[in-house]
Amino acid sequence: MKIQVPATSANLGPGFDSCGIALAKYLVIEVIEPQATWEIIHHLGDEIPNDESNLLIQTALQVAPNIMPHQLRMISDIPLTRGLGSSSSVIVAGIELANRLANLNLSDEEKLKIATKIEGHPDNVAPAIFGDFVVACYDEEKDEVLSVKHYFPECDIIAYIPNTELLTKESRQVLPKTFNYQEAVKASAIANVMIGAVINGNLALAGQLMERDLFHEKYRAKLVPHLGKIRQICQQNQAFGCFLSGAGPTVLILAPKDCSEKIMLQLSLIDSHAQVEQVCIDREGVQVF
Ligand code: HSE
């Protein structure tokens with residue numbers, strides 16, 4: 001059995017902690033055979049544990065404490081600590097592993113609720129489960145996660161992936177603890193129109209609104225100094241818009257098909273250590289083969 005989970009990009013600017021898209025880069029977990037203790041064969045470096053302490057197994061055991069240990073193989077082309085949902089993909093894979101090994105028959109909504117409680121917000125885990133574009137909210141008082149999946153319009157998506165790590169925890173520490181009421185109303189109105197424009201297929205409008213986020217990007221600017229330069233390149237080259245992918249440092253650029261080549265060329269001149277590549281939307285979310 002193989003479990004495949006896509007990368008994700010959260011926020012899309014003003015959709016902070018709520019909106020996300022799934023991207024066609026994948027974490028694949030292969031279940032090899034039962035054995036006495038959990039073991040993960042992987043290529044992801046010494047910092048990623050290969051035993052029961054790995055987030056994948058910890059998540060699976062949280063969902064189904066009695067599952068038999070297995071030997072697993074973990075393969076991933078999702079860059080770590082770059083804002084592309086690598087840990088969310090592991091959480092979703094862990095839930096699916098428990099689901100299959102313990103025959104839990106979980107619905108996607110149940111998986112989303114478990115994953116959101118572990119992650120704290122649904123914006124990465126929801127598209128990792130459902131695929132495509134997902135808007136979701138976590139109501140802790142009602143103990144509910146509500147979500148809507150919708151088709152994300154066709155366009156070129158360019159990822160600017162710096163060669164530096166940024167931990168989500170560090171990137172959340174710079175955010176304000178409170179938010180002025182009028183400012184919140186304005187920030188939420190911007191997000192609402194952004195979502196409406198995506199659903200309408202109007203990426204020109206959606207892209208403009210993605211760049212008007214008031215919730216997080218300005219507070220994170222000092223952690224992601226490349227964002228301003230990328231925004232300038234986007235505006236000079238008729239991109240629809242760009243936004244910090246999740247907590248950063250990756251920036252995603254949405255562009256019409258005939259603009260992306262020259263945008264990519266200019267992006268590659270910002271920092272020769274950064275990766276600049278095109279990514280596609282994953283429409284399916286988590287898959288089991
Ligand atoms: N919405 C989250 C953030 C995504 O921006 O901090 C990363 O977990």
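Scroll up for the structure.
Keep in mind that this is a model prediction, so the values were computed, not measured. (Residues numbered from 1 in each chain as written. Predicted model: local features only at pLDDT ≥ 70, side-chain atom pairs only at ≥ 80, totals over all residues. Heavy atoms only, no water.)

*Asks:* Sorry, what's going on with the overall build of the chain here?
*Replies:* A count of helices and strands for the chain gives 10 helices and 11 strands. The principal-axis extent of the C-alpha atoms belonging to the chain is close to 60 × 45 × 35 Å. In the chain, which comprises 289 residues, the share counted as buried stands at 52%. Sequence-distant contacts, at least 24 apart, represent 71% of the contacts inside the chain between residues at least 6 apart. Put simply, the chain shows about 13300 Å² of open surface, and 50% of that area lies on carbon and sulfur atoms. (Helix = DSSP H or I, 4+ residues; strand = E, 2+ residues; numbered from the N terminus. Buried < 20%, exposed > 50% of the residue type's maximum accessible area, 1.4 Å probe, protein only. Contact = heavy atoms within 4.5 Å. Areas by Shrake-Rupley, 256 points an atom, 1.4 Å probe, with all protein chains shown as cover.)

*Asks:* How should the environment of F289 be read in this particular structure?
*Replies:* Note that F289 resides in the segment after β11 (287-288). On the accessibility criterion, F289 (57% relative accessible area) is exposed. Here the alpha-carbon distance between F289 and E30, two residues 259 residues apart in the chain, equals 9.5 Å. Apart from the residues within four sequence positions on either side, F289 is in contact with M1, K2 and Q4.

*Asks:* Quick question: what am I supposed to make of the pattern of salt bridges here?
*Replies:* Pairing of side chains with opposite charge becomes possible as their charged atoms draw close. Scanning the entire structure with this criterion turns up 14 salt bridges. The shortest N-O distance in the salt bridge between R283 and E154 comes to 3.3 Å. Of the two residues, R283 is situated in the loop between β10 (275-279) and β11 and E154 in the loop between β6 (144-150) and β7 (156-161); the sequence distance between them amounts to 129 residues. For K257, the salt bridge is made with D156, and the minimal N-O distance between the two is 3.0 Å. One end of the pair, K257, is in the loop between β9 (251-255) and α10 (260-267); the other, D156, is in strand β7, and 101 residues separate them in sequence. Connected via shared salt-bridge partners are E96, R100, D108 and K111. (Salt bridge = Lys/Arg side-chain N within 4 Å of Asp/Glu carboxyl O.)

*Asks:* Help me understand the site of the ligand, please; the structure alone is not making it clear to me.
*Replies:* The immediate surroundings of the ligand are formed by N11, F16, D17, H121, D123, N124, T168, R172, R220, G246 and A247. In this structure, an oxygen atom belonging to the ligand sits 2.8 Å away from a side-chain N or O atom of N11. A distance of 2.8 Å separates an oxygen atom of the ligand from a polar atom in the side chain of R220. Protein coverage of the free-state accessible area of the ligand, which is 260 Å², stands at 96%. When grouped by side-chain class, the residues that make up the shell around the ligand number 2 nonpolar, 5 polar and 4 charged. (Near = heavy atom within 4 Å. Polar contact = N/O pair within 3.5 Å; in protein donor to acceptor, adjacent residues only side chain to side chain. Nonpolar A, V, L, I, M, F, W, Y, C, P; charged D, E, K, R; others polar.)

*Asks:* Would you mind going over the sheet that holds strand β8 (residues 241-244) with me for this structure?
*Replies:* Pairing between the strands of a sheet comes from backbone hydrogen bonds, and it takes one of two forms, parallel or antiparallel. In spatial order, the strands read β8-β9-β7-β10; together these 4 strands make up an open sheet with antiparallel pairing. Because the sheet does not close on itself, it has two edges, and the strands there are β8 and β10. Strand-to-strand twist of the sheet, defined as the mean angle between neighbouring strand axes without regard to direction, takes the value 20°. The pairing of β8 with β9 spans 4 bridges and is classified as antiparallel. For L244, the partnering residue across the bridge sits in β9 and is V251. Packing against the sheet, α10 makes contact with β7, β9 and β10, and its axis sits at approximately 5° to β7. (Pairing = 2+ DSSP bridges. Axes fitted to C-alpha atoms, helices over the stretch in contact; angles between N-to-C directions.)

The values are spatial; any link to function lies outside them.
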